[in-house]
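Breakdown of the fold
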Amino acid sequence: MRLRFVRPIMAVLAIAGLAACSGTPAPGSSSSATQAPSSSATSSSAPTPSSSPTPSSSQSSTAGRGDAELSITLMETPESAPKSFTLVCVGGMPAAESKHPSPAEACAALKNNPAMLSPAPPRADRACTMQYGGPATATVTGAVDGKEVTAAFNRTDGCQIGMWDVARSVLGSDGGY
């Protein structure tokens with residue numbers, strides 16, 4: 001008899017947790033949705049809430065010029081050797097000096113969403129699903145459209161996995177096992 005009451009409550013909590021991680025408010029909620037990035041991701045200029053990325057792949061963001069000079073370091077596992085890439089984009093197109101697994105895709109992604117590498121500061125009241133997406137980590141340094149970028153990515157919870165997925169083409173990996 002107790003399970004009849006517990007299961008619906010657990011289902012509501014699970015949906016609310018997923019909604020919190022997706023950046024959209026839960027049904028009936030009046031809170032606004034904003035991005036909660038990793039605490040190690042920083043930017044030299046604070047982005048506005050409207051330009052901060054969400055973990056959703058269907059995010060809408062203001063397109064940029066598509067100019068970038070980035071250094072990307074990817075660690076698939078703690079035991080693996082780091083992979084380093086350079087990405088140079090001009091007008092959303094890769095420059096000859098780019099050494100990246102898919103430079104055209106990465107440059108196009110940065111032109112469409114330059115804020116993906118400048119997440120907003122983390123919110124303490126944001127719930128993230130407690131799922132582990134693997135040991136992969138990545139760091140990105142450089143500049144996008146003239147703004148300095150220093151960002152770190154991992155897959156330690158649902159929010160971090162969402163941020164990784166948004167920047168996947170720039171990171172050069174889906175981060176999966």
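Quick caveat, the model's predicted, so the values are computed rather than measured.

**Topic: the overall build of the protein chain**
Scanning the protein chain for helices and strands turns up three helices and six strands. Reading the helices (α) and strands (β) of the protein chain from amino to carboxyl end gives α-β-β-β-β-α-β-β-α. With 177 residues in all, the protein chain has 38% of them scored as buried. Sequence separation of 24 or more characterises 63% of the internal contacts of the protein chain that already satisfy a separation of 6 or more.

**Points about the state of the cysteines**
One pass over the structure, following the stated rule, counts two disulfides. The disulfide partner of Cys89 is Cys107, and the gap between their sulfur atoms is 2.0 Å. Disulfide Cys89 to Cys107: torsion about the S-S bond roughly -80°, handedness left-handed. A residue pair is termed long-range when its members are at least 10 positions apart, and Cys89 in strand E3 (residues 83–90) and Cys107 in helix H2 (residues 103–112) qualify at 18 residues.

**Here we look at helix H3 (residues 158–171)**
The sharpest bend along H3 reaches about 45° and sits at Asp165. Burial of H3 is extensive: 12 of the 14 residues sit out of reach of the surface. Buried within H3 are the following residues: Gly158, Cys159, Gln160, Ile161, Gly162, Met163, Trp164, Val166, Ala167, Ser169, Val170 and Leu171. Backbone nitrogen of Cys159 and a side-chain oxygen of the N-cap are separated by 2.9 Å at the start of H3; the cap is Asp157.

**A few points about the pairing of strand E5 (residues 137–144)**
Looking at chain direction, strand E2 (residues 68–75) and E5 are connected through eight bridges and run antiparallel. For Ala68, the partnering residue across the bridge sits in E5 and is Val144. Relative to strand E6 (residues 147–154), E5 is paired through eight bridges, and the arrangement is antiparallel. Opposite Val144, over in E6, you have Lys147 as the bridge partner.

**Topic: the pattern of salt bridges**
Inspection of every chain in the model, using the stated rule, returns three salt bridges. Measuring nitrogen to oxygen at the nearest pair gives 3.4 Å for the salt bridge that ties Asp165 to Arg155. On the criterion of sequence distance, the pair formed by Asp165 in helix H3 and Arg155 in the loop between E6 and H3 is long-range, its members being 10 residues apart. Residue Asp165 is classed as partly exposed on the basis of its relative accessible area of 31%. Put simply, Asp165 and Arg168 hold a salt bridge, and the shortest N to O gap is 3.0 Å. In this pair, Asp165 and Arg168 are both assigned in helix H3, three residues apart and thus about one turn of the helix distant.

**Side note on the side chain of Asn154**
Here Asn154 lies in strand E6. Residue class for Asn154 comes out buried when judged on its relative accessible area of 16%. Polar side-chain contacts of Asn154 include one of 2.8 Å to the side chain of Thr156.

**Description of the nonpolar core**
By size, the foremost hydrophobic cluster in this structure holds 26 residues, and its most contacted members are Leu70, Leu87, Leu110, Met116, Leu117, Phe153 and Val170. Those elements that place two or more of their residues in this core are E2, E3, H2, E5, E6 and H3. Top element by residues in this core is H3. It accounts for six residues. Sequence-distant contacts of Leu70, defined by excluding residues within four places in its chain, comprise Phe85, Thr86, Leu87, Leu110, Leu117, Val140, Thr141, Gly142, Ala143, Val144 and Val170.

Reading the values: rules and limits
- Here the residue numbering is sequential within each chain, running from 1 through the sequence in written order.
- pLDDT decides what is reported in this predicted model: residues at 70 or higher carry local features, side-chain atom pairs at 80 or more are listed and counted, and totals for whole chains, interfaces and linings draw on all residues regardless.
- Heavy atoms throughout the structure, all of them, feed into the side-chain values; hydrogens and water do not.
- For the purposes of this entry, the term helix denotes a DSSP run of H or I that reaches at least four residues, the term strand denotes a run of E that reaches at least two, and both are numbered from the N terminus.
- Only protein chains enter the calculation, and the probe is 1.4 Å; a residue is then buried if its accessible area is under 20% of its type maximum, exposed if over 50%, and partly exposed in between.
- Residues are treated as being in contact if the distance between any of their heavy atoms lies within 4.5 Å.
- Cysteine sulfurs are considered disulfide-paired once they come within 2.5 Å of each other.
- Note on bend: the value at a residue is the angle between axes fitted to the seven residues ending there and to the seven starting there.
- Pairing of N or O atoms within 3.5 Å defines a polar contact, subject to two protein rules: one partner must be a possible hydrogen donor and the other a possible acceptor, and residues neighboring in sequence count only if both atoms are side-chain atoms.
- Strand pairing is defined by DSSP finding a minimum of two bridges between the two strands.
- Salt bridge criterion: a side-chain nitrogen from Lys or Arg within 4 Å of a carboxyl oxygen from Asp or Glu.
- The term nonpolar core refers to a set of buried residues drawn from Ala, Val, Leu, Ile, Met, Phe, Trp, Tyr and Cys, joined through side-chain atoms within 4.5 Å.

Function-wise, these values are silent; they only describe arrangement.
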